[in-house]
Amino acid sequence: MSSLEPFNPLERLAEIERLVSKIYYRFSHLFMTQPELRDFWWEMAREEEQHACILHACKAVIENYEDEKLDPSLTAEKARALKEWLSSYLGRGASVLAVEEAFRIAVEIESSEVDAIYGKLLQLGGPQIAKTMENLGVPASAQRLKLKGALRRFTANPALIQAAARL
């Protein structure tokens with residue numbers, strides 16, 4: 001984004017959701033020899049990609065609303081900080097990752113402000129549009145439940161399971 005372009009929270013959060021999907025796609029590749037884990041991370045990545053697409057659709061729907069004001073909860077600075085934080089995971093370039101470390105990173109991401117901001121931004125178009133957009137993809141709450149179940153299935157780390165319970 002150039003400094004001449006106006007800041008659009010929907011576009012920036014879509015970029016952030018795509019970064020999360022890249023992290024989860026990387027996890028699926030790192031666990032290629034473990035089909036159940038590989039498929040779990042692939043599905044998580046695909047759902048994050050859906051969230052990005054939903055945000056773009058929401059942007060298109062509300063683009064012509066004259067009275068619409070974007071929620072200020074995602075500022076340009078906050079978007080930049082989230083993007084840098086998530087990019088740091090991709091920048092590590094690990095060829096091996098422990099199962100617990102992948103889940104720790106996912107719990108950290110899913111408990112961040114990304115999901116809260118996503119929910120607020122979907123509400124911009126009003127309740128009907130928010131419900132339609134939510135029905136198009138997997139709601140973040142369902143995704144968190146899936147993450148909790150997988151975490152219990154694949155790890156025995158009590159601290160990690162407890163952290164996931166707070167999602």
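Residues numbered from 1 in each chain as written. Predicted model: local features only at pLDDT ≥ 70, side-chain atom pairs only at ≥ 80, totals over all residues. Heavy atoms only, no water.

### Quick notes on the overall build of the chain
So, step 1. Of the regular secondary structure elements, the chain holds eight helices and zero strands.
So, step 2. The helix and strand sequence of the chain, counted from the amino end, reads α-α-α-α-α-α-α-α.
So, step 3. A buried classification covers 40% of the 167 residues belonging to the chain.
So, step 4. Taking as baseline every contact in the chain between residues at least 6 positions apart, the subset at least 24 positions apart corresponds to 81%.
So, step 5. For the chain, the exposed surface amounts to about 8,700 Å²; the carbon and sulfur share of it is 56%. (Helix = DSSP H or I, 4+ residues; strand = E, 2+ residues; numbered from the N terminus. Buried < 20%, exposed > 50% of the residue type's maximum accessible area, 1.4 Å probe, protein only. Contact = heavy atoms within 4.5 Å. Areas by Shrake-Rupley, 256 points an atom, 1.4 Å probe, with all protein chains shown as cover.)

### A word on helix α3 (residues 76-91)
So, step 1. Between its terminal C-alpha atoms α3 stretches 22 Å, which fits the 22 Å expected from 16 residues at 1.5 Å a residue.
So, step 2. Taken together, the buried positions of α3 are Ala79, Leu82, Leu86 and Tyr89. Looking straight down α3, one finds that the buried residues subtend no more than 80° of arc, so they occupy a single side. (Expected span 1.5 Å × (residues − 1). Arc of directions from axis to C-beta.)

### As for the confidence of the model for the chain
So, step 1. In this model, the chain carries an average pLDDT of 83, and 77% of its residues clear a pLDDT of 70 or more.
So, step 2. For the chain, helix α6 (residues 127-136) is the element with the lowest average pLDDT, namely 66, and helix α4 (residues 99-110) is the one with the highest, namely 93. (pLDDT = per-residue confidence, 0-100.)

### Topic: the side chain of Ser112
So, step 1. Residue placement: Ser112 occurs in the loop between α4 and α5 (113-122).
So, step 2. Here the side chain of Ser112 touches Ile109 through a polar contact of 2.6 Å, landing on its backbone oxygen. (Polar contact = N/O pair within 3.5 Å; in protein donor to acceptor, adjacent residues only side chain to side chain.)

### Quick look at the nonpolar core
So, step 1. Judged by nonpolar contacts, the single largest core of 36 residues is most densely connected at Tyr24, Phe27, Trp41 and Phe103.
So, step 2. Broken down by element, the residue count for this core peaks at nine residues, all from helix α1 (residues 9-30).
So, step 3. If we skip the residues at most four places from it in the chain, Phe27 touches Trp41, Leu97, Ala102 and Ile105. (Core = buried A, V, L, I, M, F, W, Y, C linked by side-chain atoms within 4.5 Å.)

### Details of the packing of aromatic side chains
So, step 1. The tally for this structure, following the rule as stated, stands at nine aromatic pairs.
So, step 2. Plain terms: the ring middles of Tyr24 and Trp41 are 5.4 Å apart, the flat faces sit at 45° to each other, and that makes the pair tilted. On the criterion of sequence distance, the pair formed by Tyr24 in helix α1 and Trp41 in helix α2 (residues 35-62) is long-range, its members being 17 residues apart.
So, step 3. Judged by its relative accessible area of 0%, Tyr24 is buried.
So, step 4. On the basis of relative accessible area, Trp41 is assigned to the buried category, the value being 0%.
So, step 5. With centroids separated by 4.9 Å and ring planes inclined at 80°, the aromatic side chains of Phe27 and Trp41 adopt a geometry described as edge-to-face. (Phe/Tyr/Trp six-rings, centres within 6.5 Å; stacked < 30°, edge-to-face > 60°.)

### Focus on the pattern of salt bridges
So, step 1. The tally for this structure, following the rule as stated, stands at twelve salt bridges.
So, step 2. Across the salt bridge formed by Arg12 and Glu15, the nearest N and O atoms sit 2.4 Å from each other. Taken as a pair, Arg12 and Glu15 lie in helix α1 at a separation of three residues, close to a single helical turn.
So, step 3. By relative accessible area, Arg12 is classed as buried at 10%. (Salt bridge = Lys/Arg side-chain N within 4 Å of Asp/Glu carboxyl O.)

### So, the packing of α1 against α3
So, step 1. Running from N to C, α1 and α3 cross one another at 15°; their axes reach a closest spacing of 10 Å. Taken together, the axes of α1 and α3 are roughly parallel relative to one another. The crossing of α1 and α3 is left-handed. In this structure, α1 uses Arg12, Glu15, Ile16, Leu19, Val20, Lys22, Ile23 and Arg26 to contact α3, whose residues at the interface are Ala79, Leu82, Lys83, Leu86, Ser87, Tyr89 and Leu90.
So, step 2. Taken together, the residues of the contact of α1 with α3 sort by class into nine nonpolar, one polar and five charged. (Axes fitted to C-alpha atoms, helices over the stretch in contact; angles between N-to-C directions. Parallel < 35°, antiparallel > 145°, perpendicular 65-115°, else oblique. Left-handed = near helix turned anticlockwise from the far one by under 90°. Nonpolar A, V, L, I, M, F, W, Y, C, P; charged D, E, K, R; others polar.)

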